[in-house]
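# Remarks on the overall topology
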Amino acid sequence: MSDEANPFESLQEQIDDASRYLDVSPDVLERLKNPERVLETNLSVELDDGDIEVFRAYRSQFNGDRGPYKGGIRYHPGVTRDEVKALSGWMVYKCAIANVPYGGGKGGIEVDPSDYSDGELERLTRSFAEELRPLIGEDRDIPAPDVNTGQREMNWIKDTYETLENTTAPGVITGKAPDNGGSAGRVQATGRSTTFAAREIFDYLGRDLADATVAVQGYGNAGWIAAKVIEQHGGTVVAVSDSSGAIHDPAGLDTVAVKEFKRETGSVSDYGGATEELSNRELLTLDVDLLVPAALENAIDGTLASDVRADVIVEAANGPLTPEADEVLGDSDTYVVPDILANAGGVTVSYFEWVQNRQRFYWTEEKVNEELERHITNGFDDMIDAFEDTDAPTLRTAAYVVAIQRVVDAYQNSGNWP
Ligand code: NAD
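Residues numbered from 1 in each chain as written. Predicted model: local features only at pLDDT ≥ 70, side-chain atom pairs only at ≥ 80, totals over all residues. Heavy atoms only, no water.

Along the protein chain, the regular secondary structure elements total 15 helices and 12 strands. Its C-alpha radius of gyration of 21 Å places the protein chain within 12% of the 22 Å reference for a compact globule of 418 residues. Once the C-alpha set of the protein chain is aligned to its principal axes, its extents read approximately 55 × 55 × 45 Å. For the protein chain, buried positions account for 58% of its 418 residues. Within the protein chain, counting contacts between residues at least 6 apart in sequence, those at least 24 apart form 68% of the total. Accessible area for the protein chain stands at about 17,100 Å²; split by element, carbon and sulfur atoms hold 43% of it. On the protein chain, the mean spot of the 36 positive side-chain charges and the mean spot of the 76 negative ones are 7 Å from each other. (Helix = DSSP H or I, 4+ residues; strand = E, 2+ residues; numbered from the N terminus. Rg over C-alpha atoms; globule rule 2.2 N^0.38 Å. Buried < 20%, exposed > 50% of the residue type's maximum accessible area, 1.4 Å probe, protein only. Contact = heavy atoms within 4.5 Å. Areas by Shrake-Rupley, 256 points an atom, 1.4 Å probe, with all protein chains shown as cover. Lys, Arg positive; Asp, Glu negative; His and termini not counted. Charge placed at Lys NZ, Arg CZ, Asp CG, Glu CD.)

The strand order E9-E8-E7-E6-E10-E11-E12 describes an open sheet built from seven strands, whose pairing is mixed. If you trace the sheet from one side to the other, it starts and ends with strand E9 (276-278) and strand E12 (335-337), each paired once. Sheet twist, expressed as the mean angle between neighbouring strand axes with direction ignored, is 20 degrees. In the packing of helix H7 (residues 221-232) onto the sheet, the strands contacted are strand E6 (213-217), strand E7 (236-242) and strand E10 (290-293), and the crossing angle to E6 comes to about 170 degrees. (Pairing = 2+ DSSP bridges. Axes fitted to C-alpha atoms, helices over the stretch in contact; angles between N-to-C directions.)

Take the layout of surface pockets next. In this structure, the second largest pocket spans a volume of roughly 160 Å³. When residues of the lining of the second largest pocket are traced back to their parent elements, those giving at least two are helix H11 (323-330), E12 and helix H15 (395-414). The element contributing the most residues to the lining of the second largest pocket is H11, with three residues. Broken down by class, the residue content of the lining of the second largest pocket amounts to six nonpolar, four polar and three charged. (1 Å grid on protein atoms, 1.4 Å probe; cavity = no way out; pocket = protein on both sides within 12 Å on 5 of 7 lines; lining within 4 Å. Points joined across faces, edges and corners; volume = space filled by probe spheres on them. Nonpolar A, V, L, I, M, F, W, Y, C, P; charged D, E, K, R; others polar.)

Before going further, it helps to examine the side chain of Lys 106. Looking at the element boundaries, Lys 106 is found in strand E4 (residues 104-110). With near-sequence residues (within four places) excluded, Lys 106 lies in contact with Tyr 58, Arg 59, Ser 60, Gly 71, Gly 72, Val 84, Leu 87, Ser 88, Met 91 and Asp 146.

Side chains that differ in sign of charge can pair as their charged atoms come close. The full count for this structure, using the stated rule, is 33 salt bridges. A salt bridge links Arg 59 to Asp 141, with the nearest nitrogen and oxygen atoms 2.6 Å apart. Here the residue Arg 59 occupies a position in strand E2 (residues 52-63), and Asp 141 occupies one in strand E5 (residues 141-145), the gap between them amounting to 82 residues. Salt bridges linked by common partners bring Arg 74, Glu 83, Lys 106 and Asp 146 together as one network. (Salt bridge = Lys/Arg side-chain N within 4 Å of Asp/Glu carboxyl O.)

This part covers the environment of Tyr 69. One can find Tyr 69 in strand E3 (residues 69-76). According to the relative accessible area criterion, Tyr 69 is buried, its value standing at 11%. Separated by 236 residues in sequence, Tyr 69 and Ala 305 have C-alpha atoms that sit 34 Å apart. When near neighbours in sequence (up to four residues on either side) are disregarded, Tyr 69 contacts Glu 36, Arg 37, Gln 61, Phe 62, Asn 63, Gly 64, Gly 103, Gly 104, Gly 105, Arg 140, Asp 141 and Ile 142. Within the structure, the side chain of Tyr 69 is placed 2.5 Å from the side chain of Glu 36, a separation counted as a polar contact. A polar side-chain atom of Tyr 69 sits 3.1 Å from a polar atom in the side chain of Arg 37. (Polar contact = N/O pair within 3.5 Å; in protein donor to acceptor, adjacent residues only side chain to side chain.)

To summarise the sheet geometry, strands pair through backbone hydrogen bonds and adopt either a parallel or an antiparallel arrangement. Within the open sheet, the five strands sit side by side as E1-E2-E4-E3-E5. Their pairing is mixed. The open sheet terminates on both sides in strands that have one partner only, identified here as strand E1 (37-46) and E5. In this sheet, neighbouring strand axes are inclined to one another by 20 degrees on average, regardless of whether the strands run parallel or antiparallel. Across 10 bridges, the pairing between E1 and E2 is antiparallel. Its bridge partner being in E2, Asn 42 is matched across the sheet by Arg 56.

Near the ligand there are 20 residues, and of these Thr 190, Asn 221, Ala 222, Ser 243 and Asn 318 occur at the shortest range. In the environment of the ligand, an oxygen atom lies 3.2 Å from a nitrogen or oxygen atom belonging to the backbone of Tyr 219. For the shell around the ligand, the elements supplying multiple residues, two or more each, are H7 and E7. (Near = heavy atom within 4 Å.)

This part covers the pairing of E3. By the criterion of burial, E3 is predominantly enclosed, with seven of the eight residues buried. Relative to E5, E3 runs parallel, the two sharing five bridges. When the sheet's bridge partners are listed, Gly 71 is paired in E5 with Pro 143. Here four bridges tie E3 to E4, and the two strands are oriented parallel to one another. Across the sheet, the residue bridging to Tyr 75 is Ile 109, located in E4. As for the winding sense of the linkage, the β-α-β connection from E3 through helix H3 (residues 81-97) to E4 is right-handed. (Right-handed = clockwise from strand over helix to strand, strands pointing away.)

Quick look at the environment of Asp 307 now. Relative to the helices and strands, Asp 307 is located in the loop between helix H10 (302-305) and strand E11 (312-314). On the basis of relative accessibility, which here comes to 37%, the residue Asp 307 falls in the partly exposed class. Asp 307 sits 25 residues away from Glu 282 along the chain, and the two C-alpha atoms are 9.7 Å apart. If near-sequence neighbours (up to four positions away) are discounted, Asp 307 is found in contact with Arg 281 and Thr 285.

So this is what it looks like as structure tokens:
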């Protein structure tokens, strides 16, 4: 989506594109293009100086045909009702392709958290949790972290919910700290699913990830773990970047040493083990076998896409390609493994966290990783079957074909009520 594009309209277009390869009636499709309900609320929060400030907040429950609504809560000044609606819809299809038994939801508060104290953010979060209380629950809607929220906010929401409901319900939210019911392997899950998706596409193309040269844009949670696990699979990570710039070594970077350097200095730039510094654009257009965009949305637009030289792109970030870039790359020889599958590790291990919370029985990291691999490789195989069995032009459209069909089947098997 371009900066001006309305994300909700982009979602509706993607559903329309995929529906051409499905036998779905327009009436059923209409249900799949709009949220079931959206909470819009105004939170009055006392600031440290005694003033009251009002914050706009949303929670969209897009579709619950396959299970409880599931999706993160973001704190960002750019949060809008349409953005939250779109993100909740993408969650429906991400859960469906990864085959986790959830629908899709998303929430957000229009706020820049860096402008507020920890106490103010706690009061804001607890106020939102109180508004959400009638809508959420272990079997209703299970929020999770998203942009600018993490274990701390999840623990506050869980505590508010449990206090007001006079119960214990760790499965009301995922992405918690391990001591509060979080799962082993959750932090690494997105980088791991990205690597499984990369391994599978190379295998499909008759190649080996172990022989691949790799560039990774973004060295945060998703990007750095993907780089490390790809290196463990034998791949050669030749370039990585963060918001400060990019570094390159054709012989391969030591991903763990780069992370240590970033931890100490705050950025990857000036890392002594690289042979040269690059611009972000140069990294994205390097002649590598695999490019992993793991930073922000819209990193690759139509113009940049025509200069991309990677054979394969695996999307760790959400929406790193604009629709124009998708079109350009769709007409090229580059294979793009879409975000809804490649980064589904986050929601898949959230599902495992919820399962463990419900059973009050916790898994080893080894078991988490094994089950994650099963979900992602099965999702990959289903996407490839749809790619080969339909005329779907891209892997993205094929993934939506599989996901939409699953939601339609769940809806039609249940029948309409009343
Ligand atoms: P993060 O904040 O930990 O890391 C983001 C990284 O991108 C940072 O290193 C930052 O410096 C870098 N960056 C920002 N702008 C850049 C630019 N212009 N050029 C190069 N690097 C830039 O975030 P994250 O959790 O790793 O998330 C990254 C992406 O992955 C987001 O799109 C997010 O929605 C998606 N994602 C993350 C998860 C997860 O579990 N963390 C799950 C699903 C999707």
